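# Descriptive analysis of the structure
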Amino acid sequence: MTAVNALELNAAESAMARTQLQRQVVQALQTALPAHAILFTSEDTTPYECDGLTAYRERPLVVALPETEAQVQAILKACHTLQVPVVARGAGTGLSGGAMPHRMGVTLSMARFNQIKTVDPISRTAVVQCGVRNLAISDAAAPFGLYYAPDPSSQIACTIGGNVAENSGGVHCLKYGLTVHNVLKVRGFTIEGEPIEFGSDALDAPGYDLLAILVGSEGMLAVTTEVTVKLVPKPQLARCIMASFDDVRKAGDAVAAVIAAGIIPAGLEMMDGPMTIAVEGFVHAGYDLSAAAILLCESDGTPEEVEEEIGRMSEVLRGCGATAITVSRDEAQRLKFWSGRKNAFPASGRISPDYMCMDSTIPRKRLADILQAISEMETQYGLKCLNVFHAGDGNLHPLILFDANDPDQLRRCELFGADILETSVAMGGTVTGEHGVGIEKVNSMCVQFSAEENEQMFAVKRAFDPLGLLNPGKVIPTLNRCADYGKMLVRAGAIKHPELERF
């Protein structure tokens, strides 16, 4: 058995073959890393077997924990020579299985790259290593009256490298954009260990601008080590409206009406009644438990700007049938409102053994339609679903509640999630928003993209990674995979999308 066959191996191969390959990899990495930075026993590698998508697990062959760029380069060169897969990992907070290990590969943990190198208040930028936590950037910039705008709910733990991989957003992405809009430059290495840089310190880069290709590529093109981010001034004031609605369609229509009125709120979020109840029992944010849905609408800027915008939004919300409107009276109440939204996921975990958080995007005007469809799916699949949306940009986060110890519930949960994604596409949306594709939605990519389009994506990957060693088996489905997925849906009686009928 040689290391050259690593990509052809699978779980059915003998433990002896795996042990032999593991020995080769450990021996190769020992020339680049100290012994404590190479993990390969079951006890040491089990904590890395999944990310935030816990329904699927796999122990890696080896976990490498480099501390310098030279070590990262040496690891990648060694893995390329052995033709061993590499899966880069940040904090492991991702929700799509993007950091799930390869059984015959190396998990490259970038957690020790946690230094903020510079904060420049003049250029309003910060240069940080990939393992720096999202919130730590804002903490470092705070003395200069600046902060980093993208704020995923996991910002206390997630890293900027992971944000780059998934193109993360957050509750304020409507006004301030996603990661791709807030990053100037990314440095890292190719699978061959070649240094590579995307973007620049200026507003434009020489040659092809490949920054947007890397951001959101889920570790399939290069391994990120350093990121230059944009910083923005802290607003003088921010206030948040909590608007209650007795009907989800009215709430969905209100979202479209706010945007149609020419208002771009700092944040515009929606939660349905069951999610509101789950969150209130956990955080006690002061939510209206009698509402069928609530909207959180935030305005920030100067006091004069905020007062004027809050007034305009309140008028629009009332006109759309809001039954109650509460405006945060101070900063503490504003943060309380948002603490509820940011704790939607852990609140769901308190009332269910497991949940699967979906992530798709639809046109804003279809928010009520998708909620109605999800309600019907709850009956069809016999599972409950709590809903929270980045309503301003149509990004859905339905949380399907299930018990992973029950194989039938997991099967129904998978079909439920696939149905939500397929329905999102049918409504003119996409199968992903900000969580990435990973392994969770790779099958659903067959719904949205044709075989020719998938091949074009593979062509981009081959340009960076000809052997397919970086995060293999994720994001882009093969034609065979799409065929198998279509047949599975036919057997389950769950096929709806005409694109899959050709299989």
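These remarks concern the structure in this document. (Residues numbered from 1 in each chain as written. Predicted model: local features only at pLDDT ≥ 70, side-chain atom pairs only at ≥ 80, totals over all residues. Heavy atoms only, no water.)

## Things to note about the state of the cysteines
Rules: Counting rule for disulfides: a pair of cysteine sulfur atoms within 2.5 Å. Relative accessible area decides the class of each residue, using a 1.4 Å probe on protein chains only: under 20% of the type maximum gives buried, over 50% gives exposed, and in between gives partly exposed.
Within the structure shown, the criterion is met by 1 disulfide. Between Cys-79, a free cysteine, and Cys-130, which holds the nearest cysteine sulfur, the sulfur-to-sulfur gap is 16 Å. Judged by its relative accessible area of 2%, Cys-79 is buried. Cysteine Cys-357 is unpaired, with the sulfur of Cys-385 as its nearest cysteine sulfur at 9.2 Å.

## What to know about the pairing of strand β19 (residues 395–402)
Regular strands show a simple pattern: their side chains alternate between the two faces of the sheet. Counted only if it meets this: Note on conventions: DSSP H or I runs of at least 4 residues are helices, E runs of at least 2 residues are strands, and numbering of each starts at the N terminus. Being paired, for any two strands, means DSSP has found at least two bridges between them.
Burial of β19 is extensive: 8 of the 8 residues sit out of reach of the surface. Bridge count for strand β16 (residues 354–357) against β19 is 4 bridges, and the pairing is antiparallel. Bridged to Asp-354 within β19 is Phe-402. Taken together, the 6 bridges between strand β18 (residues 385–390) and β19 define a ladder with antiparallel strand orientation. Looking across to β19, one finds that His-390 is bridged to Asn-395. The loop that links β18 with its antiparallel partner β19 comprises 4 residues; one of these, Gly-394, has a positive phi angle of about 75°.

## Here we look at the pairing of strand β8 (residues 183–189)
With 6 of 7 residues buried, β8 lies mostly within the body of the structure. Judged from the 6 bridges that link them, β8 and strand β10 (residues 223–230) form a sheet pairing that is antiparallel. Pairing of Val-183 across the sheet is with Val-229, part of β10. Both β8 and strand β9 (residues 195–199) contribute to a ladder of 5 bridges, which runs antiparallel. Paired with Gly-188 across the bridge in β9 is Ile-196.

## Examining unusual backbone geometry
Positive phi, close to 50°, is recorded for Asn-471, a residue that is not glycine. By the element assignment, Asn-471 lies in the loop between α16 (451–464) and α17 (479–492). In this structure Asn-471 comes out as buried when scored by relative accessible area, which is 2%.

## Focus on the pattern of salt bridges
This is how the line gets drawn: The term salt bridge refers to a pairing of a side-chain nitrogen on Lys or Arg with a carboxyl oxygen on Asp or Glu at a separation within 4 Å.
Enumeration according to the criterion identifies 20 salt bridges in this entry. Between Asp-151 and Lys-342 there is a salt bridge, with its nearest N and O atoms 3.6 Å apart. Highlighted residues: Asp-151 in the loop between β7 (146–147) and α5 (160–166) and Lys-342 in helix α11 (residues 331–342), separated in sequence by 191 residues. The residue Arg-366 makes a salt bridge to Asp-369 at a minimum N-O spacing of 2.6 Å.

So yeah, pure geometry; function would need other evidence.
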